[in-house]
Every structure is written in C-alpha cells, then in structure tokens.
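# What the coordinates show
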Amino acid sequence: MSIDSFASLSQLSRSLAAGEFSSQELTRHFLKRAHSYTGLNAFITIDEDQALTQAETADDDRTAGRATRVTGIPIAYKDIFCTRDLLTTCGSGMLHNFVAPYDATVVERLRAAGVVTLGKANMDEFAMGSSNENSHFGSVANPWDTDRVPGGSSGGSACIVAAGLAPAATGTDTGGSIRQPAAFCGITGFKPTYGRVSRYGMVAFASSLDQGGLLARSAADVALLLPFMAGFDPRDATSSPTTDTWLEACREQPLEPVEGLTIGIPEQYFDGLDVPAAAIDAARAELETAGFSFRSVSLPHSAAAIPAYYIIAGAEASTNLSRYDGVRFGHRCESPQSLEDLYERSRSEGFGTEVKRRILTGTYALSVGYFDAYYLKAQKIRRLIQQDFLDAFESVDLLLAPTTPDVAFRRGELTDDPVAMYQQDIFTVPASLAGLPAMSLPCGVHQGLPLGMQLIGPHFAEQLLLRTAEAFQRRTDWHQRRPEGY
Ligand code: GLN
C-alpha cells in the first residue's frame, strides 16, 4: 500500500473504491503526517480515536455497499464549524473549552456522506484576520516558507491542504478568508454564493456575509465535495431554496470544462497592480487559447469596499459577539463581584486584541448619532457595489481578478498596522459584499511563493466558475505545484 499525500480527492476516492487501501489506512496516514508537522501549528484539535472510529464505520459502509464517492475521505474542519464531541474554539480564548451540543449542518451532511473528521483547523480568532496571527492558539506557518503567513482567517485549513496533511478542508469566507489563504498557500479555494451553504452551526462573525466553502487541490476536488455539504437548510433562514441540479450531479460525475465564455477584466483591479499582473496576463492568454474571450469592465465603487466592509462586518460582529457574556457558555472570570464585573472581566479576558477592536468600532458605528454617518452609509455603498457587479454581468459571464495584491507577507510584518492588514482584502471584499460566488486558483509562482487569481461569478453560477477553473487546470499545472520538504 502506498498513499500519495498530495493525491486528488477523486484519485483517493477511486483508490478507496478499488480497495487499494482502506479508510482506516488512509486516515492513519494523514494522522501520522499531522503529527510529523506539528511545527506548522495548523491544527487546534485532533482526536485520533474518533477519526479512526469514523474511518472504521466508513469501511463497514463500503463493504455493505453504502458508499458515496467521498466515503472514507478524511478532511479537516475550520474550527468555526460546531462539532459534537470535539472542541470548537473558533480560535478564541473565549471558547477554549467549548464543546457544542450539536454538529453544524455542513459537518452533519459530510459525515452522513461518509467523510471522516481528521481534526479542527487553526484560524484567526472569530475569523477576524488575514494572516492567522490573531489565533489564541498561536500563529500558523506557510508551508512554502515558514517565516511567512498562510493568510487568514482560514490559515490552518490552507496550510493543512498545502502541506499534504489532508486532501481538503472546510473554510469560511466573510471578506476573503477562503480565497486569500488559498492564494498564499498555492491551493484552490472556493466561496459559494451567499446562502448556498448553511450557516447553521458555523460560529457567527458577520451573518450577512459569512459563507462556508472549501480549500482543496483543484476545482475538480471542490466539485466533488461541495454537493455533499451545500443545499437548503430549514435551520438557516438565509440559506437559499434554489436547487442546482448540476451541482447535485457532481456527486456522481466528474467535472467537465466549459468553453467559449466571455470573461470581464475589472479595470480598477489592475490599475497599478504589481506582482500578480504578469501571472494573470499569462493565465488570460492560456484561457484565450482555450476559446475564452475577454473584455474590460468597470466596477467603479470597489475602492470604497474596504471601509464599507469593515464597518458592516464590525457592526454585525459587535452584535453577534454580545452573546459571550460569561454566563451562558465560554470563558467565565474567577469570583465575579457583581454582574457587571462578570461581564467586564469575562469579556476582557476572553477576547483578543483584534476582536476587541472590531467590537469597539462596530458598536461605535451602530451607536445613536453615528449610525447614519457610518452604518447606513456603508449599507448604501454595499448596494452600489452590488449594482456594479450586476451591471458588469450584463455583458460578461464571469470576472477575472487578482486574489491578493502580492505573495504571502512575512509573519509579524503587518501586525502593528491594522489598516495595512485590512488593505490586504481589497480584491476579495467586493464579491463578499455582493454575496457572489468566487474562487481563487493558483496561477504562478513569484520568488518561490505561490500566486493566485480570482474568478467571480453571478449569483448561483457555481457551475460556470468551477468549469472555467477546470478548463484552466486541465491546461496548466500550477495547482499541482507543492512546497518542498513535504
Ligand atoms: N480579513 C477579513 C477580516 O478580517 C476577512 C475575514 C473573513 O473572511 N473571515 O474581516
């Protein structure tokens, strides 16, 4: 038995079906790797017994003829997805001891399909960050260069996939947290349309933006796993009842490339773009050879996306995080003297600096006297940004943009400058504000570090995105590059 740690999900699926190895052997293989690379700090929790018990059930299901195409595949979950019987910390000291009484819908569905839970991935506290340096459990290294950040907030998930510690991991994306770490770690990251994946059991950060998705090796692997976790959920009022028969069919069928679409190039995203520009140009030429055509489009309000996002996300976070009061769950201070003392000290001790900054700015933006000037104005900008995209999609099928302004930055480089850190999200935040599906795929290497490009589609155009990405990935091998030493 030999297992390729960087094999695609579809390859692993075929090998399991052919009996080349069992899920227990595959799970043991990845558990062993997780233990060999603890220096990356990519996992917060691993429960070997639980993983192996699930793998045993998967093997039994296969023997009994009850296997799906993903039965027995071990994956990691970002530690924002609630899991019964396993810690869910959300990267926070506030939830360092929290075990949820139920599974998130995403976890429940993937488990029902036979997917094995390898462990819970490190992340920025409450998904606030772009570098994974805001985790209560320590920062995560980028496997391409351990002095660099893996991106955030799904930094653990990205690191795990890039280092071959699991074939895929779940992530969440509120303003870029799947796409940006995927770009920094040289893997494929997919954020579905807002409402495509249930938020039930996903710890809330900014509820009008939060969306669960995947970090994986390729578009084909995303297409294989996504249908098992997506779909309407009556327990999430914003989950969409729109069904997608194409996506459903991906449970059984391999991903086929699409041809001949028209792709828009948003001019504002390339104005002054430095490092990723050449790689994206080359990718564009490759897609042109494959029959895609390109035209320039304008998204004039994108420049206002960062301030609008940080006001809206902060405002929603300040409301969502008010539940951590030291009473119902999470951290509680020692011997409180009064109710106020209980609230004050539990929250001061439980939350980290960045989370406190968001709560303060968010509460300020919502306060009487400032509501109109900040929150309301940000909502108006959000509407204009949405309209820009809708207008662009009148003349093009998809958009091609950079994912990040540069390659992964150094650990510690931006920690003292929150605004510079926020600017990192310049290319990912607009699609989030508009609720659009978007993905990042590897498109080059610069000074030994991976570069990503972003595809953005109209609402519910998961099919167009994944099939365009497949057309690109069949013609190139950027997604097969891997860091040395793993
Ligand atoms: N970096 C952004 C933030 O800190 C996005 C985070 C996310 O998508 N969860 O808010």
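Anything mentioned here points back to the structure above.
Report follows, based on the coordinates. Residue numbering note: each chain is counted from 1, following its sequence as written. Residue-level local features of this predicted model are given only where pLDDT is at least 70; pairs of side-chain atoms are given and counted only at 80 or more, and the full residue set underlies all totals for whole chains, interfaces and linings. The basis for the side-chain values is all heavy atoms of the structure; hydrogens and waters are excluded.

The next point concerns the pattern of salt bridges. A side chain with one charge may pair with a side chain of the opposite charge, provided their charged atoms come close. Counted as salt bridges are all cases of a side-chain nitrogen of Lys or Arg within 4 Å of a carboxyl oxygen of Asp or Glu. Summed over all chains, the structure comprises 20 salt bridges. Taking the shortest distance from any N to any O, the salt bridge between Arg-345 and Asp-341 comes out at 3.0 Å. Taken together, the residues Arg-345 and Asp-341, both in helix 12 (residues 339-350) and 4 residues apart, mark about one turn of the helix. Its relative accessible area of 18% is what places Asp-341 among the buried residues. Notably, a salt bridge pairs Arg-357 with Glu-354, separated by 2.3 Å at the nearest N-O pair. One end of the pair is Arg-357 and the other is Glu-354, both in helix 13 (residues 353-366) and 3 residues apart, which spans about a single turn. Buried residues are those whose accessible area, probed at 1.4 Å on protein chains only, stays under 20% of the maximum for their type, while exposed residues exceed 50% and partly exposed ones sit between those limits. Residue class for Arg-357 comes out partly exposed when judged on its relative accessible area of 31%. By sharing partners, the salt bridges in this structure join Glu-108, Asp-233 and Arg-235 into a single network. To qualify as a helix, a DSSP run of H or I must reach at least 4 residues; to qualify as a strand, a run of E must reach at least 2; elements of each kind are numbered from the N terminus.

Looking at the secondary structure, you find Ser-198 in the loop between strand 5 (188-191) and strand 6 (211-216). Judged by relative accessible area, which is 1%, Ser-198 ranks as buried. A C-alpha to C-alpha distance of 7.8 Å links Ser-198 and Gln-211, two positions 13 residues apart in sequence. Within the structure, the side chain of Ser-198 is placed 3.0 Å from the backbone nitrogen of Tyr-200, a separation counted as a polar contact. Polar side-chain contacts of Ser-198 include one of 2.6 Å to the side chain of Asp-233. Polar contact is the term for a pair of N or O atoms within 3.5 Å; when the atoms are in protein, one must be able to donate a hydrogen and the other to accept it, and sequence-neighboring residues count only if both atoms are side-chain atoms.

Looking now at the packing of helix 7 (residues 219-229) against helix 17 (residues 462-475). Each pair of packed helices can be summarised by the angle the axes make with each other and by the distance between the axes. For helices, the fitted line uses only the C-alpha atoms of the stretch in contact; every axis is such a line through C-alpha atoms, and the angle between N-to-C directions lies from 0 to 180 degrees. The interhelical angle for the contact between helix 7 and helix 17, taken along N-to-C directions, is 145 degrees, at an axis separation of 8 Å. Contact residues: Ala-219, Ala-220, Val-222, Ala-223 and Leu-226 in helix 7; Glu-462, Leu-466, Ala-469, Glu-470 and Gln-473 in helix 17. Working rule for contacts: check all heavy atoms of both residues, and any pair within 4.5 Å makes them a contact.

Moving on, we come to the site of the ligand. The cutoff for a nearby residue is simple: one of its non-hydrogen atoms must lie within 4 Å of the molecule or strand. Close contacts around the ligand come from 15 residues, with Thr-174, Gly-175, Ser-177, Tyr-309 and Arg-358 the closest. Within the side chain of Ser-130, one N or O atom sits 2.8 Å away from a nitrogen atom of the ligand. A distance of 3.3 Å separates an oxygen atom of the ligand from a polar backbone atom of Gly-176. Contact with the protein chains covers 100% of the free accessible surface of the ligand, which is 300 Å². Side-chain classes follow a simple rule in which Ala, Val, Leu, Ile, Met, Phe, Trp, Tyr, Cys and Pro form the nonpolar group, Asp, Glu, Lys and Arg form the charged group, and the remainder, Gly included, forms the polar group. Class assignment of the residues belonging to the shell around the ligand gives a composition of 5 nonpolar, 7 polar and 3 charged. Only the protein chains shown count as covering a residue, and every accessible area follows the Shrake-Rupley method with a 1.4 Å probe.

This part takes up the packing of aromatic side chains. Two aromatic rings from Phe, Tyr or Trp, using only the six-membered ring of Trp, form a pair when their centres are within 6.5 Å; if the ring planes differ by under 30 degrees the pair is stacked, by over 60 it is edge-to-face, and anything between is tilted. A full pass over the atoms with the stated rule returns 17 aromatic pairs. On the numbers, 3.8 Å between centres and 15 degrees between planes, the contact of Tyr-310 with Tyr-422 is stacked. Of the two residues, Tyr-310 sits in helix 11 (residues 305-320) while Tyr-422 sits in helix 15 (residues 418-423), which places them 112 residues apart along the sequence. Residue Tyr-310 is classed as buried on the basis of its relative accessible area of 11%. Take Tyr-422: its relative accessible area is 13%, and that puts it in the buried class.

Quick look at the environment of Ser-177 now. Along the chain, the position of Ser-177 falls in the loop between strand 4 (168-173) and helix 6 (179-185). Here the alpha-carbon distance between Ser-177 and Ser-153, two residues 24 residues apart in the chain, equals 4.9 Å. Sequence-distant contacts of Ser-177, that is, excluding residues within four places in its chain, are made with Lys-78, Ala-127, Gly-129, Gly-152, Ser-153, Ser-154 and Thr-172. At 2.7 Å, the side chain of Ser-177 forms a polar contact with the backbone nitrogen of Ser-153.

Moving on to the pairing of strand 5. Both faces of strand 5 are covered, namely the face carrying Thr-188 and Phe-190 and the face carrying Gly-189 and Lys-191. Whether two strands pair depends on DSSP finding at least two bridges between them. With 3 bridges joining them, strand 5 and strand 6 adopt antiparallel strand pairing. Across the sheet, the residue bridging to Thr-188 is Ala-216, located in strand 6. In terms of strand pairing, strand 5 meets strand 10 (residues 438-446) through 3 bridges, oriented antiparallel.

This part covers the nonpolar core. Throughout, nonpolar core names a set of buried Ala, Val, Leu, Ile, Met, Phe, Trp, Tyr and Cys residues whose side chains join them through atoms within 4.5 Å. Within the largest apolar cluster, 143 residues are counted, with the highest numbers of intra-cluster contacts made by Phe-126 and Phe-389. Within the second largest apolar cluster, 7 residues are counted, among which are Phe-184, Ala-408, Phe-409 and Leu-414.

Another point: unusual backbone geometry. Here the residue pair Gly-152 and Ser-153 is connected by a cis peptide bond, since its omega of 5 degrees sits within 30 degrees of zero. Relative to the helices and strands, Ser-153 is located in the loop between strand 3 (116-121) and helix 5 (155-162). Residues other than glycine seldom take positive phi values, yet Asp-85 does so here, at roughly 75 degrees. Along the polypeptide, Asp-85 turns up in the loop between strand 2 (74-78) and helix 4 (105-112). Unlike most non-glycine residues, Phe-126 shows phi in positive territory, near 50 degrees. Using a relative accessible area of 1% as the deciding quantity, one classes Phe-126 as buried.

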